[in-house]
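Per-entry structural report
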There are 4 protein chains.
Amino acid sequence: MMAKIKLGILGGGEDSLIGILHRVAANMFDQFEIVGGIFDQHHDKSLKFGEKLKLDEKRIYKNLDELIAKENSLPEDQKMQVVSVLTPNFLHFPMAKQLLENGFNVICEKPLTTTYEEAKILNEIQQKKNTIFGVTYTYTGYPMIRQMKTMIANGEIGKVQKVDVQYYQGWINQLIHDKEKRSSTWRLDPEKSGISCCIGDIGTHAFNMAEYVTGMKVENILADLNYLYEDNPMDIDGTVLIRFTDKAKGVIRASQIATGEENSFSVQIYGDKGGLKWQQENPNYLYLMKEDQPLQVLKPGHGFLSEFSLEGTKLPPGHPEGIFDSMGNIYYGVAMAIKDQSKYDGAYPKLNDGLRGMSFIEKTVSSHKQGNVWINMKE
Amino acid sequence: MMAKIKLGILGGGEDSLIGILHRVAANMFDQFEIVGGIFDQHHDKSLKFGEKLKLDEKRIYKNLDELIAKENSLPEDQKMQVVSVLTPNFLHFPMAKQLLENGFNVICEKPLTTTYEEAKILNEIQQKKNTIFGVTYTYTGYPMIRQMKTMIANGEIGKVQKVDVQYYQGWINQLIHDKEKRSSTWRLDPEKSGISCCIGDIGTHAFNMAEYVTGMKVENILADLNYLYEDNPMDIDGTVLIRFTDKAKGVIRASQIATGEENSFSVQIYGDKGGLKWQQENPNYLYLMKEDQPLQVLKPGHGFLSEFSLEGTKLPPGHPEGIFDSMGNIYYGVAMAIKDQSKYDGAYPKLNDGLRGMSFIEKTVSSHKQGNVWINMKE
Amino acid sequence: MMAKIKLGILGGGEDSLIGILHRVAANMFDQFEIVGGIFDQHHDKSLKFGEKLKLDEKRIYKNLDELIAKENSLPEDQKMQVVSVLTPNFLHFPMAKQLLENGFNVICEKPLTTTYEEAKILNEIQQKKNTIFGVTYTYTGYPMIRQMKTMIANGEIGKVQKVDVQYYQGWINQLIHDKEKRSSTWRLDPEKSGISCCIGDIGTHAFNMAEYVTGMKVENILADLNYLYEDNPMDIDGTVLIRFTDKAKGVIRASQIATGEENSFSVQIYGDKGGLKWQQENPNYLYLMKEDQPLQVLKPGHGFLSEFSLEGTKLPPGHPEGIFDSMGNIYYGVAMAIKDQSKYDGAYPKLNDGLRGMSFIEKTVSSHKQGNVWINMKE
Amino acid sequence: MMAKIKLGILGGGEDSLIGILHRVAANMFDQFEIVGGIFDQHHDKSLKFGEKLKLDEKRIYKNLDELIAKENSLPEDQKMQVVSVLTPNFLHFPMAKQLLENGFNVICEKPLTTTYEEAKILNEIQQKKNTIFGVTYTYTGYPMIRQMKTMIANGEIGKVQKVDVQYYQGWINQLIHDKEKRSSTWRLDPEKSGISCCIGDIGTHAFNMAEYVTGMKVENILADLNYLYEDNPMDIDGTVLIRFTDKAKGVIRASQIATGEENSFSVQIYGDKGGLKWQQENPNYLYLMKEDQPLQVLKPGHGFLSEFSLEGTKLPPGHPEGIFDSMGNIYYGVAMAIKDQSKYDGAYPKLNDGLRGMSFIEKTVSSHKQGNVWINMKE
């Protein structure tokens, strides 16, 4: 019997929104066994949460030093092989760094770090250590995003000439207009979140998606951000003009003051032979537009889809899957990578994607602060 | 540390569509641990599948007798507490019966049995044994179905006066017109499937849903079925006029020859104060219609929803969940019932729902064969 | 200069909902000139309304006798060539009869008459007089309905095996539960409306559409109607099982107590090679479903559509047309017929469609009153 | 009898797409009578088209000089009171100017002229002459756009903080990649179209709509345009960052290379109390989003809508209207203005809207050519 991969989790405890997303995803394909971790900075809360998960209390650790020491002392077939980092943004870097240095595979939430500098350091260490490092750009795991990526790669819509990605939420509207609230929200605290709120949290998803589905790299950006209040140090809305190589242009639109929007993330890609559209809140529909042909609506699970898309769908057409299934596909990709199955190489976002995301955040803020000027993504 | 509930599975192996649905659902909330079962009638295939799931090969059994004997010999804290029956329809009855008689809690796929008689026998045994018995009418676990049920119970749409449930698929069209194919399909073989194909497989979902969301009982039915070919012994399409008590009327429409449809299951309920609509393929949208008011679209995770609905959602609004999450909610309901948390009493479909489904199947076929006449559901 | 066709209108005055629908439709293609009529039973109101339309007051008549006498005394190139009858149902018959007998072409609202007998009489007269007689089943004029009809005729979805037409409204719910209101509504008064309310008003649309798009004839029907109150003489909801020749089966569903619904008229046709769906409230989308192919969404104005569909669209794709445009196409069909352009023969519903509608109404009520039995449409 | 307003038309002949849009709109509410005009630069074609419309050939003129001379010689109650200018862009200015100078009311297609200078001249003349001058920003006539405008004015969504308007088409993709085709398209010929193709043709609609529904003025813009080929003198795609007073920001996105898009014009407005969304291809749905409330979908014809919206709807809810009805509302607004009914003042776009549109076009191109810099709209 081949054992499941032993997984540890940092963060993701009682108050976490994303803890359950990672746990369900990890359990989805019989590849991982959650064995322990640190779920909360307060050890008692962490222990209590571990109990809820029916975990062995000996593997609920007080801190990362202890986790690394104890786990490394276990027999090879029992020790954690991979650790998911779900803590607040500013802890991603020190934790991921320590894990990498001690030889652990890592799954890390986005944004990868709070600065591009930190991300580069992680990147250097990982290249030396040659471990697996996944960054959970969750939405890339959706079967219809995979289909979109494959179709664009196959030339289905020809040469890309227009890219438009929107990520609109409204939740910050509820607190931004109240001085007390906006000064006590961790997302709006640069110490905890880095230099950007909206672009850092969701703009990065949009940027990553634009590059992921097109297979192209953004070369230049020009950003206009909105802070609404002078005492608010963090952007809560922004529009970023983008230019790819080959003069294909586009726009990334992100907002947390699009009042009433929930998680309205949508992708529109137009080439010289057709267009493709997708919306996260209805993830099982991919729209293919061709000149002088009926609109086509592609749905998961059909034989005419790409192998890469079909691998991400578990049931026949008509059985809607959701965001847990998308994250499940990313965890599965990491599992396959850990088992060294090279064909799954493209099946999860990597450290380099996280690094590029950090570059995007810094350059976007920089473009805005310099007066909305073009900045090259390569520098 | 409280242990997870030990779960065994019968069927659901390599060729199964629904095996993964049950496994993911069972793992979703850290309540169950799959420990073994019989995944295939061929022991070698079963063993191989167990290996894929990283299960202990000692708990992959040759047959149900062995499973019962061996599991019952284990210490109380290690033995299977509940067994999921995912085998073809005709095996539901003998397996569930043997499990019940030996004191196991059971989760069983629908249709519960192949005859109403069998279902009554199971019902009697269960009442004596007082075990937990869940029937997986999967769709009842969707948060917006729970919301619909609560709103109707709370009088939101007033007195129900019209019920319309559609369950359309197209898959049988692909084989029904070929004599060879239709004679070799197990769904069209009365020995394996019971007396009905379309009504048995999906009409029962529609019937169950009509009663589940309204909290009312269908009193009389009149059915017109379609077999298309004389040598085809099984209905593949049917329309059933229904009458509830209080003269509320309606219709259940089911088809497997609605060519091109995937899993088009929709529910429309109209009362004297409003109407509610829901579609399985877009399960995160519940439409509330009131006279002289804007159409309202309710989506999961919002604070204004019922507690029952919110318990079934794991993430904030805008993060779409799907059918795995719906089944997960049913498994969670069974877990809570096993732990004797009475407040979860309504959170999973029970043996009596399965029994009523068998009655519906038999009476529908009977109504059709007698010339499309009214039949009372109580007799 | 070829003159426009002179059109008279009966009814459709100040309180009328449909008057403007007919007037806009008539004016749409530069084919008709509205010259006069009788807009209200009270001559002063009629005159006032005529003034609003900027009509010559000499052609606003006191009654139909006068209209006929005066118009027939005018030179051929000035007299009304066609008269639209938009009065309450019970006036359709006497007015249309008198017009036919005096050689006028007629456009008549549906239901054609209040009894099948009356409809037969009109039919006989028209056959003798050989005039043009259009019945305004408005929805048949939509470009995507025309496309649906052409595609089915061309075998695009193969042999039809399932037909499902829904026409749900909620407006009667607002008055049906109040004894006073329901006794004072003309739609619920058999003297004014005929023997049926729901089936007569909207069930006929559904029936006509089922036959129109499939090109098939319903052979047998079995109906269950709902009256809700014993003192209510008129059905306000009903489900009708239908069987076409060739054992293709289906269902017509109509309701005026589907609370909150506006004008939810939808058509689903399934053949052995595909399916087609359309919804009146979103009339510019036709859904084509084929096994193992992406869903196709056909929209008006594209070169790949049938000539018959394209004739009904005035602008390039993306410019939504609505119900006025649909009615406009029917009026255009009548204009072409009057000018004896035989190729437009199928472009408007004819007296025979109205006759068949009356047969459907009577047989539906009869089926229900006999205890929900099958009735042959031919008798 | 009050006569209808006599309307003349310039352009809109056989090859015109929009001719029928204006004619149907003009006829819709019994306010206008089309009496003549110049439908084509070739008099014979013009005469032939006039015959098709059953017009008096004496009022089909050879040129504008003749039209003005002859019409002005007619008795006051017979002469054209208003003339619609539907010619190619470069003819708008000279024709509208001559009409204005000779005292005619004018309805003019957009873009108003080919330069801002020309628009200013028209504006000055109109102010002197005090005639009615409508500019057909067609989409502002939709009932749900009127509703949106009223709701924003009433504070329904609070203070506007984010505006996002998209206008995507794909038609130029079909010719832009072929050197021959792109050099022979009048839309891409600066002599005929002015300095901008995409922004001039559809970007102006988006800009006008942003200001129309919010009631606010754009203060600064920064544009990035796409020409795709160096020998193409006209933009075919562009994104424009916009800033209103009060630091409300937004973006206007326009493209004619969004391959496969038909006429995808959508408006998203977010305030601090809610958001509103609308899409032109489904014009009968207005989406209202409020925090912690169900999404509301407002549809035309309901009593809860604003008076301004209801005036633009002709039938009860559920009867979809389209673009002809939207344009009809604008023509009706012009008719009411001509009759000096001051309450209709806001019911049609005016010369000043066209002037502002020209300013937007010139400044957008200027921003792009200067290297994507901010330009103030006031200068």
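Here the structure is a predicted model, which means the values were calculated and not measured. (Residues numbered from 1 in each chain as written. Chains lettered and ligands numbered in written order. Predicted model: local features only at pLDDT ≥ 70, side-chain atom pairs only at ≥ 80, totals over all residues. Heavy atoms only, no water.)

**Section: the interface of chain A and chain D**
The following threshold applies: A contact between two residues is defined here by any heavy atoms of the two lying within 4.5 Å. Two parts placed together each lose some accessible area under a 1.4 Å probe, and adding up what both lose gives the buried area. Salt bridge, as used here: a side-chain nitrogen of Lys or Arg that lies within 4 Å of a carboxyl oxygen of Asp or Glu. Each polar contact in these results corresponds to two N or O atoms within 3.5 Å; when the atoms are within protein, one needs to be able to donate a hydrogen and the other to accept it, and residues that are neighboring in sequence are counted only if both atoms are side-chain atoms. Gly falls in the polar group here, along with every residue not listed as nonpolar (Ala, Val, Leu, Ile, Met, Phe, Trp, Tyr, Cys, Pro) or charged (Asp, Glu, Lys, Arg).
Counting residues at the interface gives 46 residues for chain A and 46 residues for chain D. Roughly 3,400 Å² is buried in total at the junction of chain A and chain D, and carbon and sulfur atoms are behind 44% of that figure. Looking at the side of chain A facing chain D, the largest losses of area belong to Gln161, Thr259 and Glu291 of chain A, adding up to 17% of the total buried there. Linking chain A with chain D are 10 salt bridges, by the criterion used here. Across the pair glutamate 261 of chain D and lysine 277 of chain A runs a salt bridge whose closest N-O atoms are separated by 2.9 Å. Counting the contacts that link chain A with chain D gives 38 residue pairs in polar contact (both at pLDDT 80 or more). Broken down by class, the residue content of the side of chain A that touches chain D amounts to 12 nonpolar, 19 polar and 15 charged.

**Some thoughts on the interface of chain C and chain D**
Which entries qualify depends on this criterion: Helix and strand definitions follow DSSP, with helices as H or I runs of at least four residues and strands as E runs of at least two, each counted in order from the N terminus.
Of the residues lining the interface, 44 residues belong to chain C; the matching set on chain D comes to 44 residues. Note on chain C versus chain D: buried area summed over both sides is about 3,600 Å², and carbon and sulfur give 59% of it. Linking chain C to chain D there are six salt bridges. Linking glutamate 262 of chain C and lysine 299 of chain D is a salt bridge whose minimum nitrogen-to-oxygen distance equals 3.7 Å. Counting the contacts that link chain C with chain D gives 19 residue pairs in polar contact (both at pLDDT 80 or more). Elements with a contribution of two residues or more to the side of chain C that touches chain D: helix H1 (19-27), helix H2 (43-52) and helix H12 (323-338) of chain C. A per-element tally of the side of chain C that touches chain D places H1 of chain C first, with five residues. Here the residues of the side of chain C that touches chain D are counted per class, giving 21 nonpolar, nine polar and 14 charged.

**Considering the packing of aromatic side chains**
Test applied: Each pair of aromatic rings taken from Phe, Tyr and Trp, with Trp reduced to its six-membered ring, is defined by centres within 6.5 Å and is described as stacked if the planes are under 30 degrees apart, edge-to-face if over 60, and tilted in the remaining cases. Three exposure classes are used, based on accessible area relative to the maximum for each residue type with a 1.4 Å probe and protein chains only: buried under 20%, partly exposed in between, and exposed over 50%. Only lysine NZ and arginine CZ atoms are considered, and such an atom sits over a ring when it is within 6 Å of the ring centre and within 35 degrees of the ring normal.
One pass over the structure, following the stated rule, counts 44 aromatic pairs over all chains. Aromatic side chains tyrosine 167 of chain B and phenylalanine 265 of chain B sit 4.5 Å apart centroid to centroid with 15° between the ring planes, which places their arrangement in the stacked category. Within this pair, whereas tyrosine 167 of chain B is found in strand S6 (residues 160-168), its partner phenylalanine 265 of chain B is found in strand S10 (residues 264-271), the two being separated by 98 residues in sequence. With respect to burial, tyrosine 167 of chain B and phenylalanine 265 of chain B carry one shared label: buried. Each ring, one from phenylalanine 29 of chain C and one from tyrosine 332 of chain C, has its centre 5.0 Å from the other, and the planes form 55°; the classification is tilted. Here tyrosine 332 of chain C lies in helix H12 and phenylalanine 29 of chain C lies in the loop between H1 and strand S2 (32-38), a separation of 303 residues in the sequence. Judged by its relative accessible area of 15%, phenylalanine 29 of chain C falls in the buried class. What makes tyrosine 332 of chain C partly exposed here is its relative accessible area of 23%. Members of the aromatic cluster, connected to one another through ring pairs, are Tyr139, Tyr142, Tyr167, Phe265 and Trp278 of chain A. The cationic tip of arginine 243 of chain A hangs over the ring face of tryptophan 374 of chain A; the distance from NZ or CZ to the ring centre is 4.2 Å. Taking NZ or CZ as reference, lysine 350 of chain D lies 4.2 Å from the ring centre of tyrosine 348 of chain D, over its face.

**Focus on the domain arrangement of chain A**
All names here are of chain A. The following threshold applies: The domain boundaries here were taken from an automatic or database domain assignment.
Taken domain by domain, chain A comprises domain 1 (5-138) and domain 2 (142-313 + 351-369). In total, about 1,700 Å² of surface goes out of reach between domain 1 and domain 2, with carbon and sulfur atoms giving 65% of it. For the domain 1 face of the interface with domain 2, the top three residues by lost area are Lys110, Tyr116 and Tyr137, together amounting to 36%. At the junction of domain 1 and domain 2, the tally comes to one salt bridge. In this structure, the salt-bridge partner of lysine 110 is aspartate 201, at a minimum N-O distance of 3.1 Å. There are six residue pairs in polar contact (both at pLDDT 80 or more) connecting domain 1 and domain 2. Considering each element in turn, the side of domain 1 that touches domain 2 owes the most residues, six residues, to helix H5 (residues 116-129).

**Re the nonpolar core**
So the rule is basically this: Side-chain atoms within 4.5 Å link the members of a nonpolar core, which is a set of buried Ala, Val, Leu, Ile, Met, Phe, Trp, Tyr and Cys residues.
Phe133 and Met148 of chain C together with Phe133 and Met148 of chain D are the most contacted members of the largest nonpolar core, which totals 220 residues. Counting 216 residues, the second-largest nonpolar core is a separate cluster that includes Val213 and Met216 of chain A together with Ile125 and Ile152 of chain B.

**A look at the sheet that holds strand S3 (residues 82-85) of chain B**
Residue and element names in this part refer to chain B. In plain terms, the rule: Strand pairing requires that DSSP identify at least two bridges connecting the strands. Only C-alpha atoms enter the line fits that serve as axes; for helices the fit covers just the stretch in contact. Angles between N-to-C directions range over 0 to 180 degrees.
If you walk across this open sheet you meet the five strands as S2-S1-S3-S4-S5, and the pairing is parallel. Among the strands making up the open sheet, the edge pair consists of strand S2 (32-38) and strand S5 (133-135). Mean inter-strand twist for the sheet, computed between neighbouring axes without regard to direction, equals 20°.

**Some remarks on the confidence of the model for chain A**
Counted only if it meets this: Every residue is assigned a pLDDT by the predictor, reflecting its confidence on a scale from 0 to 100.
The share of residues in chain A with pLDDT of 70 or more is 98%, and the mean pLDDT across the chain is 95. Under the prediction, the complex receives an ipTM of 0.95, its pTM being 0.97.

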